[in-house]
Structures are given as C-alpha cells and as structure tokens.
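Chain residues, written in single-letter form:
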Amino acid sequence: MPSWQTKALNMVLHWTIKRVMSGNGTVQETRRFIEGRGRTRLPPGVEVTPVHANAFRGEWIHTPESSDARTLLYLPGGGFMLPASAQVPLMVSRINREAGTRALLVHYRLAPEHPFPAGLEDCLAAYRHLLDLGTDPRSIVIAGDSAGGGLTLSTLLALRDDGDPMPGAAVVISPFTDFSFGGESRFANARRDPLLAPDGIARMNELYLDDTLHDNPLVSPVYGDFRGLPPVLAQVGSTEILLDDTRRVGERAVSQGAQFEVEVWDEVPHVWHVWPFLPETKAAIT
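Draft legend 1. Expanded view of the side chain of Ser93. Its place among the elements puts Ser93 in helix H4 (residues 87–99). Engagement of the side chain of Ser93 in a polar contact is seen with the backbone oxygen of Leu90, the distance being 2.6 Å. In this structure Ser93 touches Val46, Ile61 and Thr63, once residues within four positions along its chain are discounted.

Draft legend 2. Structural view of the nonpolar core. In this structure, Leu73 and Tyr74 are the most contacted members of the largest nonpolar core, which totals 78 residues. For Tyr74, the contacting residues outside a window of four places in its chain are Val88, Met91, Val92, Leu104, Leu105, Val106, Ala143, Gly144, Asp145 and Ile173.

Draft legend 3. A look at the sheet that holds strand E8 (residues 260–265). Taken together, 8 strands build an open sheet; the order of strands is E1-E2-E4-E3-E5-E6-E7-E8 and the sheet is mixed. Edge strands, defined here as strands with exactly one partner in the open sheet, are strand E1 (47–50) and E8. Direction aside, neighbouring strands of the sheet carry axes that sit 20° apart on average. The strands that H4 touches are strand E2 (58–62), strand E3 (67–75), strand E4 (101–106) and strand E5 (140–145); relative to E4, the one it contacts most, it runs at about 155°. Together, strand E7 (232–237) and E8 form the strand contacts of helix H9 (residues 243–255), whose direction differs from that of E8 by roughly 155°.

Draft legend 4. Fine view of the pattern of salt bridges. Under the criterion given, the structure shown has 13 salt bridges. Between Arg97 and Glu65 there is a salt bridge, with the nearest N and O atoms lying 3.3 Å from each other. Linking Arg97 in helix H4 with Glu65 in the loop between E2 and E3, this pair joins segments that are 32 residues apart in sequence. Owing to a relative accessible area of 35%, Glu65 belongs among the partly exposed residues under this scheme. For Glu121, the salt bridge goes to Arg109, with nearest N and O atoms at 3.3 Å. Taken together, the residues Glu121 in helix H5 (residues 118–132) and Arg109 in the loop between E4 and H5 connect sequence positions 12 residues apart. Judged by relative accessible area, which is 43%, Glu121 ranks as partly exposed. By sharing partners, the salt bridges in this structure join Arg109, Glu121 and Asp122 into a single network.

Draft legend 5. Region of interest: the packing of aromatic side chains. Within this structure, the stated rule accounts for 9 aromatic pairs. Measuring from ring centre to ring centre gives 6.0 Å for Phe80 and Phe176, while their planes differ by 80°; the resulting arrangement is edge-to-face. With a gap of 96 residues between them, Phe80 in the loop between E3 and H4 and Phe176 in the loop between strand E6 (169–173) and helix H7 (185–188) connect regions that are remote in the sequence. Residue classification places Phe80 among the buried residues on the basis of a relative accessible area of 4%. Counting every residue linked through ring pairs, the aromatic cluster contains Phe80, Phe116, Phe176, Phe179 and Tyr208. Lying across the ring of Phe181, Arg186 places its NZ or CZ 4.5 Å from the centre.

Draft legend 6. Structural context of helix H6 (residues 147–162). Between its first and last C-alpha atoms H6 spans 22 Å; for 16 residues at 1.5 Å apiece the expected length is 22 Å, and the two agree. For H6, a buried count of 13 out of 16 residues is recorded, marking the element as mostly surrounded by other parts of the structure. Looking at the residues trailing H6, positive phi occurs at Gly163, about 85°.

Draft legend 7. The arrangement of the environment of Ser139 in detail. Positionally, Ser139 belongs in the loop between H5 and E5. Taking C-alpha positions, Ser139 is 5.2 Å from Arg70, a pair spaced 69 residues apart along the chain. Look past the residues within four positions of Ser139 in its chain and what remains in contact with it is Ala69, Arg70 and Thr71. One polar contact links the side chain of Ser139 to the main-chain carbonyl oxygen of Asp136, over a distance of 2.6 Å.

Conventions and cut-offs
- Residues numbered from 1 in each chain as written.
- Predicted model: local features only at pLDDT ≥ 70, side-chain atom pairs only at ≥ 80, totals over all residues.
- Heavy atoms only, no water.
- Helix = DSSP H or I, 4+ residues; strand = E, 2+ residues; numbered from the N terminus.
- Polar contact = N/O pair within 3.5 Å; in protein donor to acceptor, adjacent residues only side chain to side chain.
- Contact = heavy atoms within 4.5 Å.
- Core = buried A, V, L, I, M, F, W, Y, C linked by side-chain atoms within 4.5 Å.
- Buried < 20%, exposed > 50% of the residue type's maximum accessible area, 1.4 Å probe, protein only.
- Pairing = 2+ DSSP bridges.
- Axes fitted to C-alpha atoms, helices over the stretch in contact; angles between N-to-C directions.
- Salt bridge = Lys/Arg side-chain N within 4 Å of Asp/Glu carboxyl O.
- Phe/Tyr/Trp six-rings, centres within 6.5 Å; stacked < 30°, edge-to-face > 60°.
- Lys NZ or Arg CZ within 6 Å of the ring centre and 35° of its normal.
- Expected span 1.5 Å × (residues − 1).

Don't take any of this as a statement about function, it's just geometry.
Next up, the structure:
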C-alpha cells in the first residue's frame, strides 16, 4: 500500500511533468524546462567539486560521512537526452550519508548531438579515472537511474568484455534496458505510470541509437550476458512503464547464474528516490 504522500505526488506528477515529458515538446524545450528550475540549494556540509578530466565531465559530491574507502559512481537519467535534474545531487548526497560513500556524478554526453556510444564511452572513462586515482575496484559501486540505470548495466558489460577489473556491486533504479520495446508494462502501465508516457520514450530510438541495432546489449542490456558481473540490486515501481525492463533483465541475469535482486515498490513514481518527503524514499535509499 503506497503512502498518502506518494498518492498525492502521483496525482500532481500526472497532470504536470508527465505532460511535459509526453513527447510534445522538442529536446531543447524540455532541456530549458529542466534547466529553468535552477540548481537546488545543497544542505550544509555537502561539497560539490568539478572533476578536471579530459575524457568526461563530472562532479565529486562529499558529505561529512564520506570516506575514500567507498566510492559511488553515479550515472543520472534523462532519457539519454536531458541533463541531470537539480534533484540528483541531493539524492546522491543522501546516499552518501547512508552508505559513507564519496560520489562521482558523471555528466555524460547527450543525444542527439552525441548519440550512442558517446555516453557509454564517458561512463567507461569515469570508471577508469577512478582506477587511475588508485581506487580499489572492489570498493566501487556503480549506480544509475532510468537511462543511467541502463548505462550502469551497459558499463558493466563493456568493462567485463574489455577485461577491466569489476566493481564491487551495482544498483539500478527504474532502469531503461530495452530499445526493442519488449515487455507488456510499456503499454499495460501507460495510464497508471504517473510520470512517463510511451510516446515520450519512443523518441529516444531515433535520437540516441543512430544506426545501432536495437538488440545490441550495450544499448539494450536486457539482451546481455551477465555471467561474471558483480551483484546487482534493482528497484522499480509497480506502475511504471519500465517495470518489465527491470523484471526481464533480472530474470535473464538470474538464469545465467548472476546475482541480481529485483525489488518492486508499490505504486511509487519513476525514480521516486529524488522526492525526500516520501516515506518510500527514505526506506529505498537506506
């Protein structure tokens, strides 16, 4: 049973942001909508420092609880086209407080200016940047939401195939894992999902994929080989159109002998972790 706060938020999202994200506006208009909301004021003790690297753009996020012994490499969502929202650094800082991590937030290149594989290349560069700093790969957790959740899985597959040392674990939140648009929830949850609409997601194919095949595992991890990957935790809402993106990739990974745990949360919106006033947010982040 969802909390009353979640029920109220779902109603607001359905009549506001879902309309903006439904595919009626251009990428530039949607970006201006996100950027127009400005940066959120961070609470005392949270430090954000730009990363000076040639191969990618990013920011270090530290809280008083952060330790160099634990590193979170975070890949934000945005449909492969939109920048990280102002809420993401706040969410990452809350994860830092719970886990005692320092976090590297990656601002990977976006479509349509930079279609696949540009964003994936930036995520790989960020992980290898951590290794170049002397970070123990076993102390790294790669995490991401929505498109960033799909990129998290693609990054793991690419690292494994390239022979890089694996991180200790990974977390995906409401991940987008299938550009072939399989899974019944894409349509069955179209009206129930308070935030995402199928027509808005469909635009990502033409803008992000270019000429890449839809069943390429580095594009659609649901077709990947998960043998040899570290443990993965996935969290998704029961009414999301991306519900089956999570369940199907989890079922495939488990069938291949991988450790892949899927948590389905009742009626929460897409990437509910960014809404700090929801009881489900505190529980999920913990």
